[in-house]
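Residue strings, one per chain:
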Amino acid sequence: MIENELKKRNLPDLFYIDGKQIKTKEEWEKIGKEYWRNIIQKEGYGFYPPIVKPEICTKINRVDFAGKATWEEVYFTFNVDGKTHTVPTNLIYPKNKKNIPFFIYVNFRPDIPDRLLPVEEIIDNGFGIFSVCHNDISTDNGDFTNGLAGLFQEGERKECDCGKIVYWSYMASRMMDYLQTLEQVDKTRIGISGHSRLGKTALLTAAFDERFAFTCPNNSGCSGVALSRGCCEKGEKVADICKTFPYWFCTNYHKYADNEQSLPFDQHCLVALVAPRLVYVGGALEDVWADNDSQFLSCVEASKVWKMYGKDGLICPDRLPVCGDVFTEGEVGFHLRAGTHYQSREDWNVYMSALKKKL
Ligand code: GCU
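Throughout what follows, the structure given in this document is the object of discussion. (Residues numbered from 1 in each chain as written. Predicted model: local features only at pLDDT ≥ 70, side-chain atom pairs only at ≥ 80, totals over all residues. Heavy atoms only, no water.)

Structural notes on the site of the ligand
At step 1: Taken together, the residues surrounding the ligand are Ser196, Arg197, Lys200, Glu236, Ile241, Phe245, Trp248, Trp289 and His341.
At step 2: One of the side-chain N or O atoms of Ser196 is found 2.6 Å from an oxygen atom in the ligand.
At step 3: Between Glu236 and the ligand, the recorded distance is 2.5 Å, taken from a side-chain N or O atom to an oxygen atom.
At step 4: Coverage of the ligand by the protein chains reaches 82% of its 320 Å² of free accessible surface.
At step 5: For the shell around the ligand, the residue count by class is four nonpolar, two polar and three charged. (Near = heavy atom within 4 Å. Polar contact = N/O pair within 3.5 Å; in protein donor to acceptor, adjacent residues only side chain to side chain. Areas by Shrake-Rupley, 256 points an atom, 1.4 Å probe, with all protein chains shown as cover. Nonpolar A, V, L, I, M, F, W, Y, C, P; charged D, E, K, R; others polar.)

Let's talk about the side chain of Gln295
At step 1: Along the chain, Gln295 falls in helix α10 (residues 292-308).
At step 2: A polar side-chain atom of Gln295 sits 3.5 Å from the main-chain amide nitrogen of Gly221.
At step 3: Those residues within four positions of Gln295 in sequence are excluded, and the remaining contacts are Asn219, Ser220, Gly221, Val225, Ala226, Val281, Gly282, Gly283, Ala290 and Phe334. (Helix = DSSP H or I, 4+ residues; strand = E, 2+ residues; numbered from the N terminus. Contact = heavy atoms within 4.5 Å.)

Some thoughts on α10
At step 1: In this model, α10 (17 residues) spans 25 Å end to end at C-alpha, consistent with the 24 Å of a helix rising 1.5 Å per residue.
At step 2: The axis of α10 is deflected most strongly, by about 25°, at Ala302.
At step 3: Positioned one or two residues after α10, Gly310 has a phi angle of 80°, which is positive. (Expected span 1.5 Å × (residues − 1). Bend = angle between axes of the 7 residues up to and from the residue.)

What to know about the pairing of strand β6 (residues 100-107)
Both faces of the sheet carry side chains from a regular strand, because those side chains alternate between them.
At step 1: By the criterion of burial, β6 is predominantly enclosed, with eight of the eight residues buried.
At step 2: Side chains Ile100, Phe102, Ile104 and Val106 project from β6 onto one buried face, and the interleaved Pro101, Phe103, Tyr105 and Asn107 project onto a second face that is buried too.
At step 3: In terms of strand pairing, β6 meets strand β7 (residues 128-133) through six bridges, oriented parallel. By the bridge assignment, Tyr105 is partnered in β7 with Ser131.
At step 4: A crossover links β6 with its parallel partner β7, the connecting element being helix α3 (residues 119-124), and its sense is right-handed. (Buried < 20%, exposed > 50% of the residue type's maximum accessible area, 1.4 Å probe, protein only. Pairing = 2+ DSSP bridges. Right-handed = clockwise from strand over helix to strand, strands pointing away.)

Encoded structure:
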């Protein structure tokens, strides 16, 4: 049944590259990854800016969550050719613990806690949180003169110059750099989550930065986990997203509005780049705009790469998902909860309990 659904989508073959068939994980590592990363940047999100080492300054926040946690405010100051920008972030972790697994979280607001980020529950589960507000990286609009975009973008955007999702993702990787320097952090268990446009960001980040051991893109939908080809009638299309949020992507992507069939990649290629690491995808029944079937099928197709590594990928029955499904046995997970577009406690609990078993 799932095979039939996938056939209808007519997806680009993950393993057919430049007229050659990739057959082993070594070939995937050497040829496949670079090929897809290049295409996805060139035609979708734009190329990442060069890595710049920020200056870091920290300050202890007095709030300590009933004595259970340490909260540090961490300020990243970037300097590019004399232009500077400072991004404030929040680092919160269980007190006096070692080998702490961490979530990097790109959020809509800087608040701690936040309605999408239940900090105390996350700490109580043994995880640290390192969060940042997307607008503090560069504003969520078409202005490329502010924040990190203002440091890197020169003049008008050219067709492969990156959109805002890449800037948000770039910052998540700089936060990863910083976590590498902290002794209380378990460097093998750092991952990223985000909701919606920031779920797209969380997926992209783990696909491009292999230090991320896991990613939990929540309700990421169109240009996130969901396949663009064959999107359901009420789901968001490439044309919709390019019309309302053209600045999230590179301008090349706009060519594929109402023309998904000619996109040289689809979103399963992005999911596949996370292999053999962990991806847990969350969908919500009433979030039709994010097209849950297309998110699910993307996970199934991408799982072929996990299989190449001798792993399972998504373990699920041979049918489309229904409300209440929680498939988290494999390295690729998918759950579909009741309710609307949101990153709820329920989503966090699914991610954290799966991660605690798998990491
Ligand atoms: C809009 C957009 C989605 C996005 C969402 C969000 O609905 O169309 O693609 O995921 O905003 O980020 O909240």
